[in-house]
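So the chains spell out like this:
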Amino acid sequence: MSTNSNQNASVTREKLVEDFKVLGKDVQELLKATASVVGEKAAEARVKVEESLKVTQEKLATAQDVVKAKGKEAVAATDEYVRENPWNAVGIAAGVGFLLGIGFAAGTFLRRRD
């Protein structure tokens, strides 16, 4: 996976985690707001929602820990590879830079032709 893809995936994961945190807070507020609603079905629904929210928060925390650990592993592996193979890393970076340069030049050329 490319660095750009990893960065996009990281941003997406972070956004997902934040969205779930906001959702959790919203659900908690909703539960508080509906606490005065009486009835057996309302009470059962609140209990189910609370349980689901708790399970979801636990799974989210676990997933967040796993993502952080995998990210650290990837950084460590990349660092180790670059330290053990500095010239390979330089060659790969130069090749990627060359390909990006060719792509940019081709895109510029094609835009000028239109």
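Basis of the calculations
Residues numbered from 1 in each chain as written. Predicted model: local features only at pLDDT ≥ 70, side-chain atom pairs only at ≥ 80, totals over all residues. Heavy atoms only, no water. Helix = DSSP H or I, 4+ residues; strand = E, 2+ residues; numbered from the N terminus. Buried < 20%, exposed > 50% of the residue type's maximum accessible area, 1.4 Å probe, protein only. Areas by Shrake-Rupley, 256 points an atom, 1.4 Å probe, with all protein chains shown as cover. Axes fitted to C-alpha atoms, helices over the stretch in contact; angles between N-to-C directions. Parallel < 35°, antiparallel > 145°, perpendicular 65-115°, else oblique. Contact = heavy atoms within 4.5 Å. Nonpolar A, V, L, I, M, F, W, Y, C, P; charged D, E, K, R; others polar. Patch = residues over 30% accessible without salt bridge, like charges linked within 9 Å, V, L, I, M, F, W, Y side chains within 5 Å. Salt bridge = Lys/Arg side-chain N within 4 Å of Asp/Glu carboxyl O. pLDDT = per-residue confidence, 0-100.

**Remarks on the overall build of the protein chain**
In step 1: When its secondary structure is counted, the protein chain shows three helices and zero strands.
In step 2: Listing the helices and strands of the protein chain from first to last along the sequence gives α-α-α.
In step 3: Evaluated residue by residue, the protein chain yields a buried proportion of 8% over its 114 residues.
In step 4: If you sum the accessible surface of the protein chain, you get close to 9,600 Å²; carbon and sulfur atoms cover 62% of it.

**Thoughts on the packing of helix H2 (residues 40-84) against helix H3 (residues 86-113)**
In step 1: Relative orientation of the contacting elements H2 and H3 amounts to 105 degrees, with a least axis distance of 5 Å. When the interaxial angle is binned, H2 and H3 end up roughly perpendicular. In this structure, H2 contributes Tyr-81, Val-82, Arg-83 and Glu-84 to the contact, and H3 contributes Pro-86, Asn-88, Ala-89 and Ile-92.
In step 2: In the contact of H2 with H3, the residues fall into five nonpolar, one polar and two charged.

**What about a nonpolar patch on the surface?**
In step 1: Together, Tyr-81, Val-82, Ile-92, Val-96 and Leu-100 make up a nonpolar patch on the protein surface, roughly 450 Å² of accessible area in all.
In step 2: Per-element tally for the nonpolar patch: the top contributor is H3, with three residues.
In step 3: For Tyr-81, the position within the fold is in helix H2.

**Looking at the environment of Leu-30**
In step 1: When you line up the elements, Leu-30 lands in helix H1 (residues 3-33).
In step 2: Residues Leu-30 and Arg-46, spaced 16 residues apart in sequence, show a C-alpha to C-alpha distance of 9.6 Å.

**Let's talk about the confidence of the model for the protein chain**
In step 1: Looking at the protein chain, pLDDT values average 81 and 89% of them are 70 or higher.
In step 2: Ranking the helices and strands of the protein chain by mean pLDDT puts H3 first, with 88, and H1 last, with 74.

**Some points on the pattern of salt bridges**
In step 1: In total, this model carries one salt bridge according to the counting rule given.
In step 2: Arg-83 is the salt-bridge partner of Asp-79, the closest N and O atoms lying 2.8 Å from each other. You can see Asp-79 and its partner Arg-83 sitting in helix H2, four residues apart, about one turn around the helix.
In step 3: Note on Asp-79: relative accessible area 36%, which makes it partly exposed.
In step 4: Residue class for Arg-83 comes out exposed when judged on its relative accessible area of 65%.

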